[in-house]
Amino acid sequence: MRKISDKLLIDRYINKYHIDEVFTKDMKSHMELLFYRKNEYMFKEGEPIEYLLFIVEGKAKVFTTVSNGKSLLLCFYPESRVLGDIEIFEGITATTNVQAIEDSYCIGISRENVTIHLLNDSKFLRFICSSLGQKLNRCAKNSAINLLYSLENRLASYILAASEVSGKNGSRLLTFNENLSELSELLGTSYRHLHRALNSLCGKGVIRKLASGYEITDPAEIRRLAADLYN
């Protein structure tokens, strides 16, 4: 994580997402702009949380580690989402792993400043209640997805969420940050089953394998299969 000292950029992000409007008092002097490189952890399960984060550019994936040591994908966090609210209010360590899947910027307010300035701010508390309600709904939906949707659907959602523009011809290029064994854990399946699902999508012309990953060749079909899962 790197702190960015750029007041104009901080103000632009604050104004874009109206972050200053969720507080009763002016909190700009307590806001910091934090940069996380692709694959860098924002939070690690079981470790202390230093900041309440507002994602203002980029995207992160959230996953948990269960008792047998395996990981399970929970959701993705795009721009405008809040991270660390549950842990800071409950005074606990990170309950999940949050990892940037692309270079990301966050507006952060330190845990100390949240405790001093915001725990009795009724406007901010209403905002947090709304945020927690959205997270609860998302958690319930994504739990059902893991149980009821096919691997092909879940894989398509992952591909759509984790893909990035190649920059050459505007096509979307999926580059796995994990190896296939790690990805199979995240999606709650076996390596062999995941490989079959990838081959199935390739056979249907939805994606094609390249030396550097997988390219989406049918964006409409990948969106249909993904059906806004893991949001």
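It should be noted that the structure appears before, not after, this text.
Fair warning: this is a prediction, and the values are worked out from it, not measured in the lab. (Residues numbered from 1 in each chain as written. Predicted model: local features only at pLDDT ≥ 70, side-chain atom pairs only at ≥ 80, totals over all residues. Heavy atoms only, no water.)

1. Considering the overall build of the protein chain
The cut-off we apply is this: Counting from the N terminus, the helices are DSSP H or I runs at least four residues long and the strands are E runs at least two residues long. Per-residue accessibility, obtained with a 1.4 Å probe over protein chains only, is compared with the maximum for each type, and a residue is labelled buried under 20%, exposed over 50%, and partly exposed between these values. What sets the accessible areas is the Shrake-Rupley method with a 1.4 Å probe; for residues, cover comes only from the shown protein chains. Only four residue types enter the tally: Lys and Arg on the positive side, Asp and Glu on the negative side; His and the chain ends are excluded. For the purpose of locating charges, the reference atoms are NZ of Lys, CZ of Arg, CG of Asp and CD of Glu.
Within the protein chain, the regular secondary structure consists of eight helices and 13 strands. On the principal axes, the C-alpha backbone points of the protein chain span a range of 55 × 40 × 25 Å. Expressed as a percentage of the 231 residues in the protein chain, the buried residues total 45%. For the protein chain, the computed accessible surface area is about 11,800 Å², with 51% contributed by carbon and sulfur atoms. Of note, the protein chain has its 30 positive side-chain charges centred 5 Å away from the centre of its 28 negative side-chain charges.

2. A closer look at helix H5 (residues 151–162)
The criterion, for reference: Helix span, expected: 1.5 Å multiplied by one less than the number of residues in the helix.
Look at H5: 16 Å from first C-alpha to last across 12 residues, which is about the 16 Å you get at 1.5 Å a residue. Across the 12 residues that make up H5, a large majority, 11, are buried. Taken as a whole, H5 has its buried residues at Leu151, Glu152, Asn153, Arg154, Leu155, Ala156, Ser157, Tyr158, Ile159, Ala161 and Ala162.

3. Some remarks on the environment of Glu112
Tracing the sequence through the fold places Glu112 in helix H3 (residues 111–117). Residue Glu112 is classed as exposed on the basis of its relative accessible area of 56%. Considered as a pair, Glu112 and Glu50 are 62 residues apart in the sequence and their alpha carbons are 8.2 Å apart.

4. A few points about the environment of Leu119
Note the threshold: Contact between two residues is taken to exist if any of their heavy atoms lie within 4.5 Å; hydrogens are not considered.
Mapped onto the fold, Leu119 is located in the loop between H3 and helix H4 (122–148). With a relative accessible area of 33%, Leu119 lands in the partly exposed category. Setting aside its immediate chain neighbours within four residues, Leu119 contacts Phe89, Val114 and Leu125.

What is shown is where atoms sit, not what they do.
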